[in-house]
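# Report on the structure
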Amino acid sequence: MTIPATDNTSETAPSKSEAGITLEILRYIPGTHSEPTFQRFEIPYVEDWSMLDALGYIKDELDSSLSYRWSCRMAVCGSCGMMFDGVPKLACETFLRDYYPRPIRVEPLENFGIERDLVIDQEPFLEKLESVKPYIIDAMANAPSGKPGAPAGHERETIQAGENRQTPKELALFDQYSMCINCLLCYSACPQFGLNPAFLGPAAISLAHRYNQDNRDQGNADRAPALNEEDGVWSCTFVGYCSEVCPKSVDPASAIQQEKVRGATDWALSWLLPKGAR
Amino acid sequence: MSEAFETVHADVIVIGAGGAGLRSAIAAAQANPAAKVALISKVYPMRSHTVCAEGGAAGVVQAHDSLENHFNDTVSGGDWLCDQDVVDYFTHHATEEMVQLEHWGCPWSRKEDGSAAVRRFGGMKIERTWYAADKTGFHILHTLFQTSLQYPNIHRFDEFFCTDLIVDDGRCQGVIAIEIKTGDIKVFLGKAIVLATGGAGRVFRFNTNGAIVTGDGMSMAYRAGAVLRDMEFVQYHPTGLPGSGVLITEGCRGEGGILLNRHGYRYLQDYGLGPETPIGKPENKYMELGPRDKLSQAFWHEQRKGNTVPTPLGDAVMLDLTHLGEAKLLQRLPMICSLARHYVGIDPAKEPIPVRPAVHYTMGGIRTDIHTQTEIAGLYAAGECSSIGLHGANRLGSNSLAELLVFGKVAGEQAADHASRQPPCNNDTLLSFAKDKVAELTALREQKGTEKASRLRHEMAAAMEKAFGIYRLGDEMQTGLDTINELRARYKQVNVEDQSRVFNTEFLTTLELGSCLELAQVMATSALQRKESRGAHQRLDDYKTRDDEKYLRHTLMRYSPDGKPILDYEAVNITRSQPKERAYGAAGEQQNKQEGGS
Ligand SMILES: Cc1cc2nc3c(=O)[nH]c(=O)nc-3n(C[C@H](O)[C@H](O)[C@H](O)COP(=O)(O)OP(=O)(O)OC[C@H]3O[C@@H](n4cnc5c(N)ncnc54)[C@H](O)[C@@H]3O)c2cc1C
Ligand code: SF4
Ligand code: FES
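This is a predicted model, so every value here is computed, not measured.

### Some thoughts on the domain arrangement of chain A
Residue and element names in this part refer to chain A. Its domain assignment divides chain A into domain 1 (5–120) and domain 2 (123–277). The interface is formed by 17 residues belonging to domain 1 together with 15 residues belonging to domain 2. Summed over both sides, the interface between domain 1 and domain 2 buries roughly 1,100 Å², with carbon and sulfur atoms accounting for 64% of that surface. Its largest share of buried area at the contact with domain 2, domain 1 owes to Pro88, Asn111 and Phe112, together 45% of the area lost on that side. Our count for the domain 1 to domain 2 interface comes out at 0 salt bridges. Secondary-structure elements contributing two or more residues to the side of domain 1 that touches domain 2 are strand S3 (81–84) and strand S4 (87–90). A per-element tally of the side of domain 1 that touches domain 2 places S4 first, with 4 residues.

Listed below in structure tokens is the structure:
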């Protein structure tokens, strides 16, 4: 017997055995189910399978209605975050062998609305992302160029001038914070976000920090309102679990702490300096 | 009976939010700030497959390099099936796009003086591949996505799955989409449409592509009357991880990685890529830095000779990076280190990584002219879904990311311009056309069939791999095509078990399968009819060599309602580089000398 999982299962079926493993998956189909319930699936135990391979096996062979997001299966597209035994992880980077022979509990990421089965509602996160203006804000580009909102003409001139200089040291100031894949594991880990869904949260703050730290950017002041309002950095009580679960070592907790310092300094300065100089 | 649907109006509709789609949307939004740009994608933009690209993007920067070098590398790499006017436009605009991305914040890796660093890449004579460690695609995609957020006239429709283009009176004027979250159907009407839906690697079984790379856009355009071109050219990347197919970037070899067979021998020297270059001193276009088609073919021969390494996940050769040392590996190839650790349990600083060829890239696609315009008025295409004539029979690594930017921008500007000159859509005829399509969709969803989509998918992918792999044989290809045609017949009886509406991924993958089957047939027919060997299309029967007399031509395929694609050919645009033998390693050097070139 060969065991089909993803389309990429190799022809020499991975070291398969007669052994099996149990997945208990939270199921919820609005309109069909009145509330979320667990469904048990017995599947073959294949040492090389990631959780994503296992879900693929279930979807192809056992129950085609199981829904979850995935694409890259190499831990970079950020689609496949879910809870395994209560811990947020990427399904494509989590392996059956790390649980075998125990059954594994699979649930959608915590602290989010469930759209269906393992699919969560990401819309609120996208709004948060937008609110921190995650793009280079360049004083030059914003100078009146005669074209509202479209610095196309200006861009043409600056492109001719070539790339900005940015030394490896300057790059290192924000590099780590640019690695976020928007997988949302950190939001699932964050107790503050659990209590207050309006909290800007680890990934959005990390991204704001990434641009604030970039020597090409002059947008700190533009990002300050979102960061410093009640639901911004000050909601964080420094639990630090976000950094623990982050699969890309972004360390959102440190980004938040640094933005708190920046916010506090800005606030202090605002009392010292005349208004226009802020 | 057709279900009710909502209509959304826009000036420009961009389908696909990967590198090409985002670049187009930004260009359209900039070109006309008053235009409403609808950006539709079946996944959130940052999940698009561009995110997986590792190695880098090409653009000439060094003083001792030249646009002519980039041109020559691309044209010979493509085995002279490239349209040379397109290659010229591309090389002239690639670097400015890299700079543009830099201005938008892309964290390019840098040299000590702060200028952008470039690395070696296969088939490229001089280092010109810009990179952001080994996450270049990730950074390009996120930079573009984040940049796009500042344009208020870009309206995103995330997780909307497009199914059919709306063409009336020879003009493309809209698209039908399923809102995944609700299962509701929305009809988008617009004056110009850009397709940027990516490749079709999932037609094959063992591949480096994400789940979403199913050729939907190519199939949509084809069914709507656009031409698919050069679809027989499918690139195998020489270094995918056994089992998963996860890519191990060519950048590894650019940094000095070497390929060994089971005897620890650098076998590439036996396949016209030698002589062996010293370890730690990689040389452009020699050995491990030869082009992808040649390297994948060498693997095939080594496997036949019994020189590959058997692993539990299939035969492999060994990619040795150990001599680079841990520090350099972690700086230049951090993601590779983590992928190797997770998916094959190997630390590349200590042990070589097992690798084998995997389907990677579709050179062919929707035929466009140099302005990204397709056969259908108002319909443009850019990125991997398109065939603008850049890659010929074999794409060079790092030319694709650059292509997304250069031609994504052209497509956006062209579409914005076209839209500004169009009269408003004729709603009535368009909506009645849409109604029919929606009825077909509903019928497919509700039909009580006997076939299971996942089964058909596995069979298709296996058949394509068997018959249309690294090497091809006439009778095997015929068998492969027959199988695909049978699967297409069985697909008509497909049964979607899941009858719910919200996030019904079974239905969506069934639609994707329909696209894949359509393209599989086109690829198979194109391959069978190309009776020569060129680039990624290598035959082992009576047609082992390139035949410029008969086949220095693009293959064209048109849809026919009877289910049999209509075959045609067209001339390749050759401006100054006449076909010669493709030579790498010492032979390539020799060829250069004889021509007095450099
Ligand atoms: C693993 C890997 C590594 C690579 N590395 C490199 C490299 O180093 N250098 C290089 O130059 N190239 C590289 N390539 C190739 C390059 O990454 C791709 O060719 C390129 O990213 C394709 O971009 P795209 O914008 O055309 O499509 P994609 O990024 O694939 O985006 C397609 C978009 O279309 C949308 N879409 C598709 N179908 C539908 C539908 N039915 N309805 C709505 N939306 C739809 C998707 O949601 C997505 O947003 C690599 C490829 C792979 C697989
Ligand atoms: S910070 Fe880390 S855990 Fe949070 S979304 Fe980004 S990558 Fe995921
Ligand atoms: S599938 Fe892309 S992160 Fe897991």
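### Some thoughts on the sheet that holds strand S11 (residues 192–195) of chain B
Residue and element names in this part refer to chain B. Strand order in the open sheet formed by 5 strands is S7-S3-S2-S11-S19, with parallel pairing between adjacent strands. The sheet terminates laterally at strand S7 (154–158) and strand S19 (379–381), the two strands that pair on one side only. For this sheet, the mean angle separating the axes of adjacent strands, direction not counted, is 20 degrees. Pairing of strand S3 (residues 37–41) with S7, which is carried by 5 bridges, proceeds in the parallel orientation.

### Some words on the nonpolar core
One finds Leu23(A), Leu96(A) and Ile353(B) to be the most contacted residues of the largest nonpolar core, which totals 167 residues. Once residues within four sequence positions are removed from consideration, Ile353(B) is found in contact with Leu241(B), Ile248(B), Val317(B), Met318(B), Leu319(B), Leu321(B), Ile336(B), Ala340(B), Val344(B), Ile346(B) and Pro348(B). Formed by 83 residues, the second largest nonpolar core is a distinct cluster that contains Leu189(B), Val359(B), Leu441(B) and Tyr491(B).

### Quick look at the domain arrangement of chain B
All names here are of chain B. Per the domain assignment, the segments making up chain B are domain 1 (239–358) and domain 2 (434–571). A separation of 31 Å is found between the C-alpha centroids of domain 1 and domain 2. Every contact between the two is made by 6 residues of domain 1 and, on the other side, 6 residues of domain 2. Approximately 510 Å² of surface area, both sides summed, lies buried where domain 1 meets domain 2, with 71% of it carried by carbon and sulfur atoms. By the criterion of area lost to domain 2, the three top residues of domain 1 are Asp293, Gln297 and Trp300, representing 76% of everything that side buries. Where domain 1 packs against domain 2, one counts 0 salt bridges.

### Concerning the site of ligand 2
Taken together, Cys180(A), Ile181(A), Asn182(A), Cys183(A), Leu184(A), Leu185(A), Cys186(A), Ala203(A), Cys246(A), Pro247(A), Val250(A) and Pro252(A) make up the full set of residues near ligand 2. Partitioned by chemical class, the residues of the shell around ligand 2 number 11 nonpolar, 1 polar and no charged.

### Comments concerning the interface of chain A and chain B
For an interface, size is often stated in terms of accessible area lost upon the parts coming together. Listed by partner, the interface residues are 79 residues for chain A and 76 residues for chain B. Note on chain A versus chain B: buried area summed over both sides is about 6,500 Å², and carbon and sulfur give 49% of it. Inspection of the region where chain A meets chain B yields 7 salt bridges. Linking Asp60(A) and Arg457(B) is a salt bridge whose minimum nitrogen-to-oxygen distance equals 3.0 Å. Those elements giving two or more residues to the side of chain A that touches chain B turn out to be helix H1 (51–62), strand S6 (114–116), helix H2 (123–131), helix H4 (152–160), helix H5 (168–172) and helix H8 (202–212) of chain A.

### What about the UniProt feature "domain: FAD-dependent oxidoreductase 2 FAD-binding" (unreviewed entry) in chain B?
Under the UniProt annotation, the feature "domain: FAD-dependent oxidoreductase 2 FAD-binding" (unreviewed entry) is placed at residues 11–401 of chain B. The span residues 11–401 of chain B is 26% helix and 22% strand, and its two end C-alpha atoms sit 27 Å from each other.

### Describing the packing of aromatic side chains
Tallied over the entire structure, the rule returns 17 aromatic pairs over all chains. Pairing Tyr187(A) with Phe193(A) gives two aromatic rings, centres 5.0 Å apart and planes at 85 degrees, and the pair type is edge-to-face. Here Tyr187(A) and Phe193(A) have matching classes, each one buried. Ring plane angle 75 degrees and centroid distance 6.0 Å describe the contact between Tyr551(B) and Tyr569(B), whose orientation is recorded as edge-to-face. With a gap of 18 residues between them, Tyr551(B) in helix H15 (residues 548–551) and Tyr569(B) in strand S22 (residues 566–571) connect regions that are remote in the sequence. Using a relative accessible area of 9% as the deciding quantity, one classes Tyr551(B) as buried. Chaining the aromatic ring pairs together yields one cluster made of Phe112(A), Phe125(A), Tyr187(A) and Phe193(A). Sitting above the plane of the Phe138(B) ring, Lys135(B) keeps its charged end 5.9 Å from the centroid.

### Structural notes on helix H11 (residues 427–446) of chain B
All names here are of chain B. With 20 residues, H11 should reach 28 Å at 1.5 Å per residue; the first-to-last C-alpha distance of 28 Å fits that figure. Every buried residue of H11 is accounted for by Leu430, Ala434, Val438, Leu441, Thr442, Leu444 and Arg445. One face of H11 carries all of its buried residues, which in axial projection span an arc of 150 degrees. In H11, the exposed positions that point more than 90 degrees away from the buried face belong to Asp428 and Asp436. Buried-residue contacts for H11 involve strand S8 (160–168), strand S9 (171–179), strand S10 (185–189), helix H13 (474–491) and helix H14 (505–529).

### Here we look at the confidence of the model for chain A
Residues and elements named next belong to chain A. The predicted model of chain A averages 87 in pLDDT, with 83% of residues at 70 or higher. With pLDDT under 50 throughout, residues 1–15 is counted as low confidence; its partners more than four residues away or in other chains account for 54 contacts. Low pLDDT (under 50) marks residues 142–153, which in the prediction has 11 contacts with non-local residues, meaning those over four places away or in another chain.

### Details of the sheet that holds strand S5 (residues 118–119) of chain B
All names here are of chain B. Overall, antiparallel pairing links the 3 strands, which are arranged S4-S6-S5 in an open sheet. Strands with a single pairing partner mark the edges of an open sheet, and in this sheet they are strand S4 (57–58) and S5. Both S5 and strand S6 (residues 129–130) contribute to a ladder of 2 bridges, which runs antiparallel. Opposite arginine 119, over in S6, you have threonine 129 as the bridge partner.

### Re the pairing of S11(B)
Residues and elements named next belong to chain B. Side-chain alternation along S11 places Ala192 and Val194 on one buried face and Ile193 and Leu195 on a second face that is also buried. Pairing geometry for strand S2 (residues 12–15) and S11, over 4 bridges, is parallel. Paired with isoleucine 13 across the bridge in S11 is isoleucine 193. Bridge count for S11 against S19 is 3 bridges, and the pairing is parallel. Within the sheet, the bridge partner assigned to leucine 195 lies in S19 and is alanine 381.

### Section: the packing of helix H12 (residues 453–467) of chain B against H14(B)
All names here are of chain B. At a minimum axis distance of 10 Å, the contact between H12 and H14 shows a crossing angle of 25 degrees. When the interaxial angle is binned, H12 and H14 end up roughly parallel. As for the relative orientation of H12 and H14, their crossing is left-handed in sense. Residue-level contacts link Ala453, Leu456, Arg457, Met460 and Met464 of H12 to Thr510, Leu513, Cys516, Leu517, Ala520 and Met523 of H14. Of the residues contributing to the contact of H12 with H14, the split by class is 9 nonpolar, 1 polar and 1 charged.

### A look at the site of ligand 1
Residues and elements named next belong to chain B. The immediate surroundings of ligand 1 are formed by 36 residues, with Ser48, His49, Thr50, Glu384 and Leu401 found nearest. Between ligand 1 and the protein, one listed contact pairs a nitrogen atom with a side-chain N or O atom of aspartate 216 at 2.8 Å. A total of 1,000 Å² of accessible area belongs to ligand 1 in isolation, and the protein chains cover 99% of it. Elements supplying a minimum of two residues to the shell around ligand 1: helix H1 (19–31), S8, strand S17 (353–362) and helix H10 (399–420). Per-element tally for the shell around ligand 1: the top contributor is H10, with 4 residues.

Procedures and definitions
Residues numbered from 1 in each chain as written. Chains lettered and ligands numbered in written order. Predicted model: local features only at pLDDT ≥ 70, side-chain atom pairs only at ≥ 80, totals over all residues. Heavy atoms only, no water. Domains from an automatic or database assignment. Contact = heavy atoms within 4.5 Å. Buried area = accessible area lost by both parts, 1.4 Å probe. Salt bridge = Lys/Arg side-chain N within 4 Å of Asp/Glu carboxyl O. Helix = DSSP H or I, 4+ residues; strand = E, 2+ residues; numbered from the N terminus. Pairing = 2+ DSSP bridges. Axes fitted to C-alpha atoms, helices over the stretch in contact; angles between N-to-C directions. Core = buried A, V, L, I, M, F, W, Y, C linked by side-chain atoms within 4.5 Å. Buried < 20%, exposed > 50% of the residue type's maximum accessible area, 1.4 Å probe, protein only. Near = heavy atom within 4 Å. Nonpolar A, V, L, I, M, F, W, Y, C, P; charged D, E, K, R; others polar. UniProt positions renumbered as here; feature names shortened; annotations may be inferred. Phe/Tyr/Trp six-rings, centres within 6.5 Å; stacked < 30°, edge-to-face > 60°. Lys NZ or Arg CZ within 6 Å of the ring centre and 35° of its normal. Expected span 1.5 Å × (residues − 1). Arc of directions from axis to C-beta. pLDDT = per-residue confidence, 0-100. Parallel < 35°, antiparallel > 145°, perpendicular 65-115°, else oblique. Left-handed = near helix turned anticlockwise from the far one by under 90°. Polar contact = N/O pair within 3.5 Å; in protein donor to acceptor, adjacent residues only side chain to side chain. Areas by Shrake-Rupley, 256 points an atom, 1.4 Å probe, with all protein chains shown as cover.

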